[in-house]
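Working through the structure, step by step
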Amino acid sequence: NLLRSAYVASNPKSSECYQAATKVMPGGNTRSVLFYEPFPLAISRGEGSRLWDADNHEYTDLLGEFTAGLYGHSHPEIRKAINAALDGGINLTGHNLLEPRLAELVSKRFPSVEKLRFANSGTEANLLAIAAAKRFTNRSKVMVFKGGYHGGVLTFAAGPSPINVPHDFVIGSYNDIPGTTALVNEHAADLAAIVVEPMQGAGGCIVGQPEFLEALRKLATEAGALLIFDEVMTSRLAPGGRQSQLGITPDMTTLGKYIGGGMSFGAFGGREDIMALFDPRTPGHLGHAGTFNNNVLSMSAGIAGLSRIYTPEVAVQLNARGDALRERLNASCSAHGAQLQFTGLGSLMNLHGVSSEILRCDDIPASEGIVKDLFFFHMLQHGFYVARRGFIVLSLPLTDSDLDRFCNAFEEFLKRYTKAL
Ligand code: PLP
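No experiment lies behind these values; they were computed from the predicted model shown.

About the thresholds
- Residues numbered from 1 in each chain as written.
- Predicted model: local features only at pLDDT ≥ 70, side-chain atom pairs only at ≥ 80, totals over all residues.
- Helix = DSSP H or I, 4+ residues; strand = E, 2+ residues; numbered from the N terminus.
- Rg over C-alpha atoms; globule rule 2.2 N^0.38 Å.
- Buried ≥ 20, exposed ≤ 12 C-beta atoms within 10 Å, placed from the backbone.
- Contact = placed C-beta atoms within 7 Å.
- Domains from an automatic or database assignment.
- Nonpolar A, V, L, I, M, F, W, Y, C, P; charged D, E, K, R; others polar.
- Pairing = 2+ DSSP bridges.
- Near = placed C-beta within 6 Å.
- Arc of directions from axis to C-beta.
- Core = buried A, V, L, I, M, F, W, Y, C linked by C-beta atoms within 7 Å.
- Expected span 1.5 Å × (residues − 1).
- Axes fitted to C-alpha atoms, helices over the stretch in contact; angles between N-to-C directions.
- Parallel < 35°, antiparallel > 145°, perpendicular 65-115°, else oblique.
- Left-handed = near helix turned anticlockwise from the far one by under 90°.

With that settled, the discussion passes to the overall build of the protein. When helices and strands are tallied, the protein shows 13 helices and 16 strands. At 22 Å, the protein has a C-alpha radius of gyration in line with the 22 Å of a compact globule built from 421 residues. In terms of principal-axis extent, the alpha carbons of the protein reach across some 65 × 55 × 45 Å. Of all 421 residues assigned to the protein, the portion counted as buried reaches 46%. By sequence separation, contacts in the protein at least 24 residues apart represent 72% of the contacts at least 6 residues apart.

Structure representation (structure tokens):
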């Protein structure tokens, strides 16, 4: 309560912006995830790894637009690429010179993506991949996992009531090999696809166990269903995405977030024989429309990002820094005897209010909400912008000293609050 009162007192302009916004948008909001009580901060600008709110407080950005902001705010190379696109006109209404270049870069990074197409968001990418799987297999059922998130209309994680597309979903239990095997066997004849995040991101950075993901590969093949890896978030974890670390080749992969250089972006792709469904020269091909699918801003920013900034070496370094940070934070939790932990992989991590192993969303106690409340407001007070749900994402401009300061602020949090909890 004290933290909240301090928050209200120090953010009068954000409060005003929020009140004004509620007059034209329900809850003052167009992205449910960004709302929190008593009112969300209004962010006015960003630069590098820093953000400023309407009351001119400065924050170190440890959320990076839920992973899309990998390059930080207005990275000079990204800015140059976007300016170059602007100079050439942004609504070209045709095939353009940039899309095959970005497609080639993506396909080289993710060898299982033999052919791909672009979309405007990760959500669209998943919708299109599922549509392709249903047509390719001529089957109707789609297996997903409780706790999974594949977009606003493909939500199986906790939160507000989802407005999901009406597919015939079969919902499995994450990291549960016997349960999933039984479910796949039960629905094998009708199963078009198994869609899975190799790490459940929005679900709280719950790592998919290699044996589980390998079992899914085997089960999909045996059932004649397609295995779709949703790597919208996890593609940043290694130069070739999480699939390259696991040595698993999915039939299709969906991508989004940072790959568009911070602009609107989605991509789906995979086996050439499946993607041939979208070839307009094929009789009965699947239509795939979208005015902005090949927009030059996303294409140009994406090319700059993959070719000049997030090189394979940089990807390895960033994720090693993330692993080191998570280990350090978890060591602090242990040293304080706190029933807390950060789960995750590489540059992605999430705080949880339990110290036992988390294999699926059911292992997360509802009571952890209070810890996340305290953590969130504590971190804001100490100048760190994190997700309301305890999600932390490293972006490239963060320095070691930023991460040191964050660790110190977390130590302070542990000192102050673990006794009280
Ligand atoms: N899939 C995963 C794993 C995601 O984390 C997200 C977004 O957070 C999406 C899909 C949806 O992407 P978008 O928000 O671009 O529609």
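The structure having been displayed, the exposition proceeds.
To continue, consider the domain arrangement of the protein. Segmenting the protein into domains produces domain 1 (2-70 + 312-417) and domain 2 (76-309). One C-alpha centre belongs to domain 1, the other to domain 2, and the line joining them spans 26 Å. Put simply, the parts of the chain that give the side of domain 1 that touches domain 2 at least two residues each are α11 (312-335), β13 (341-345) and β14 (348-352). Broken down by element, the side of domain 1 that touches domain 2 gets its largest block of residues, five residues, from α11. The residue makeup of the side of domain 1 that touches domain 2, split by class, is 15 nonpolar, 10 polar and one charged.

Once that is clear, we can look at the sheet that holds strand β1 (residues 43-47). If you walk across this open sheet you meet the four strands as β1-β2-β3-β15, and the pairing is mixed. Looking at the sheet topology across the chains shown, the edges are occupied by β1 and β15 (384-385). Pairing between strand β2 (residues 50-53) and strand β3 (residues 58-61): three bridges, direction antiparallel. Each bridged residue has a counterpart across the sheet, and for Leu51 the counterpart in β3 is Tyr59.

With that settled, the discussion passes to the site of the ligand. Close to the ligand lie 16 residues; Ser121, Gly122, Thr123, Gly151 and Val232 are nearest. Among the elements that line the shell around the ligand, the one with the most residues is helix α5 (residues 122-137), at three residues. Its residues assigned to classes, the shell around the ligand shows five nonpolar, nine polar and two charged.

Following Glu37, the chain continues into Pro38 via a peptide bond in cis, with omega recorded as 0°. In this fold, Pro38 is placed in the loop between α2 (12-22) and β1. With a phi close to 50°, Cys205 is a non-glycine residue in the positive phi region. One can find Cys205 in the loop between β8 (199-200) and β9 (206-207).

Among all positions of helix α4 (residues 99-109), only Leu102, Ala103, Val106 and Arg109 are buried. Buried residues of α4, seen end-on, are gathered within an arc of 130° and therefore sit on one face of the element. In α4, the exposed positions that point more than 90 degrees away from the buried face belong to Pro100 and Lys108. Buried residues along α4 sit against β4 (115-119), β11 (252-256), β12 (266-270) and α10 (296-309).

Attention shifts here to the pairing of β13. Among the five residues that make up β13, five are buried, leaving the element largely enclosed by the rest of the structure. Between β13 and β14, which pair antiparallel one after the other, the connecting turn spans two residues, and Gly346 there sits at a positive phi close to 45°.

Before going further, it helps to spend a moment on the pairing of β1. Regular strands place side chains that alternate from one sheet face to the opposite one. Looking at chain direction, β1 and β2 are connected through four bridges and run antiparallel. Looking at the pairing, Arg45 lines up with Trp52 of β2. The antiparallel hairpin formed by β1 and β2 contains two residues in its connecting segment, where Gly48 sits at a positive phi of about 60°.

Take the environment of Asn91 next. Note that Asn91 resides in the loop between α3 (76-87) and α4. The sequence separation of Asn91 and Leu297 amounts to 206 residues, and the corresponding C-alpha distance is 9.6 Å.

Core analysis: the biggest nonpolar cluster contains 109 residues, and Ala133, Ala193, Ile194, Leu226 and Ile228 have the highest contact counts within it. Per element, the largest residue contribution to this core is nine residues, and it comes from α5. Here this core spans two domains, since at least three of its residues come from each of domain 1 (2-70 + 312-417) and domain 2 (76-309).

Another point: α5. Taking 1.5 Å per residue as the helical rise, α5 with its 16 residues ought to reach 22 Å, and the 22 Å between its terminal C-alpha atoms agrees with that figure. Most of α5 is tucked away, with 13 of its 16 residues classed as buried. Looking one or two residues beyond α5, the residue adopting positive phi is Asn138, at roughly 55°.

Our focus in this paragraph is the packing of helix α6 (residues 177-187) against helix α7 (residues 210-223). Describing two packed helices takes the angle between their axes plus the distance from one axis to the other. Following both chains from N to C, one finds α6 and α7 inclined at 15°, their axes separated by 10 Å at the closest point. With respect to their mutual orientation, α6 and α7 come out roughly parallel. By crossing handedness, the relation of α6 to α7 is classed as right-handed. Touching Ile177, Thr180, Thr181 and Val184 of α6 are Glu211, Phe212, Ala215, Leu219 and Ala223, all from α7.

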